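# Understanding the architecture of this molecule
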Amino acid sequence: MRETDNINTNRKAIPLLANRVIQANIAANRLVAVAESCTGGMVSAALTGIAGSSAVVDRGFVTYSNEAKSEMLGVDPYIITDNGAVSEIVAREMAVGALEHSRADIAVSITGIAGPGGGSEEKPVGTVMFGRAMKGQTPESWHKAFGAELSRADIRDQAALFALELLLP
């Protein structure tokens, strides 16, 4: 399989999964919010590209900088300094902040290193952290390693797909 085949497959899968998320959350009567860093609004765009999404999508936050994570979502700057922006605790706090700064019932967050630069031995390119917060539940987080061999576009697509899955009831 060529790299472009993989990109095209992911680009077709994203709107299909976004449609499932919209329909499932309409059925569950839930509003969603998204806080994105390395995906830069891809998840919000995928969701709002679906007809009827206004019944589900409350808002999206693109918090690419550390300052935006703090200012828009209320993530403590010391948590970012101590753990790095790409950490499970920051992802979790981003999701909590998106939930608290919206009318949503569920919020997901994404923060990672899409590359091709910016990685380290501890956190290589392809490292992505996710958070999910739901009203009345303990927030959760996930660490995914998508692999430095993937392109920036593929890493972002894979991150968007995983975040969409987290929004399914």
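Let's shift gears to the packing of aromatic side chains. If you walk through the whole model with that rule in mind, you get 3 aromatic pairs. Between the aromatic rings of F130 and F146, the centroid separation amounts to 6.4 Å while the plane-to-plane angle is 90°, which identifies the pairing as edge-to-face. A residue pair is termed long-range when its members are at least 10 positions apart, and F130 in strand 4 (residues 127-134) and F146 in the loop between strand 5 (140-145) and helix 6 (152-166) qualify at 16 residues. Taking the relative accessible area as the measure of exposure, F130 reaches 0% and is therefore buried. One aromatic cluster in this structure is built from F130, W142, F146 and F162.

A separate point is the sheet that holds strand 3 (residues 106-112). Read across the sheet, 5 strands follow the order 2-1-3-4-5 without closing on themselves; strand pairing throughout is mixed. Two strands lie at the open edges of the sheet, namely strand 2 (57-62) and strand 5, each paired on one side alone. Neighbour to neighbour, the strand axes of the sheet diverge by 15° on average, direction disregarded. The pairing of strand 1 (residues 32-36) with strand 2 spans 5 bridges and is parallel. Opposite V32, over in strand 2, you have V57 as the bridge partner. Each of strand 3, strand 4 and strand 5 touches helix 6; the most contacted strand, strand 4, lies at about 20° to it.

So, on to the nonpolar core. In terms of nonpolar packing, the biggest core is built from 37 residues, with V43, L47, I110, V128, F130, L164 and L167 touching the most fellow members. Secondary-structure elements contributing two or more residues to this core are helix 1 (3-28), strand 1, helix 2 (42-48), strand 3, strand 4 and helix 6. Beyond its immediate stretch of four places on either side in the chain, V128 contacts C38, I110, T111, G112, W142, H143, K144, F146, I155 and A159. By size, the runner-up hydrophobic cluster in this structure holds 18 residues, among which are A35, I79, I80 and L99.

Let us look at helix 3 (residues 66-73). Helical geometry note: an α-helix holds 3.6 residues per turn, so side chains three or four residues apart project in the same direction. For helix 3, the set of buried residues is A68, K69, S70 and L73. For helix 3, the secondary structure elements touched by its buried residues are strand 1, strand 2, helix 4 (77-83), helix 5 (88-100) and strand 3. G74 sits one or two positions beyond helix 3 and adopts a positive phi of about 80°.

The next point concerns the side chain of R132. Inspection of the secondary structure assignment puts R132 in strand 4. Assessed through its relative accessible area of 15%, R132 is described here as buried. Reaching out from R132, the side chain makes a polar contact with the side chain of E140 at a distance of 2.8 Å. Reaching out from R132, the side chain makes a polar contact with the backbone oxygen of L166 at a distance of 3.1 Å. Apart from residues lying up to four places away in sequence, R132 is in contact with A95, I106, A107, V108, P139, E140, W142 and L166.

Calculation notes
- Residues numbered from 1 in each chain as written.
- Predicted model: local features only at pLDDT ≥ 70, side-chain atom pairs only at ≥ 80, totals over all residues.
- Heavy atoms only, no water.
- Phe/Tyr/Trp six-rings, centres within 6.5 Å; stacked < 30°, edge-to-face > 60°.
- Helix = DSSP H or I, 4+ residues; strand = E, 2+ residues; numbered from the N terminus.
- Buried < 20%, exposed > 50% of the residue type's maximum accessible area, 1.4 Å probe, protein only.
- Pairing = 2+ DSSP bridges.
- Axes fitted to C-alpha atoms, helices over the stretch in contact; angles between N-to-C directions.
- Contact = heavy atoms within 4.5 Å.
- Core = buried A, V, L, I, M, F, W, Y, C linked by side-chain atoms within 4.5 Å.
- Polar contact = N/O pair within 3.5 Å; in protein donor to acceptor, adjacent residues only side chain to side chain.

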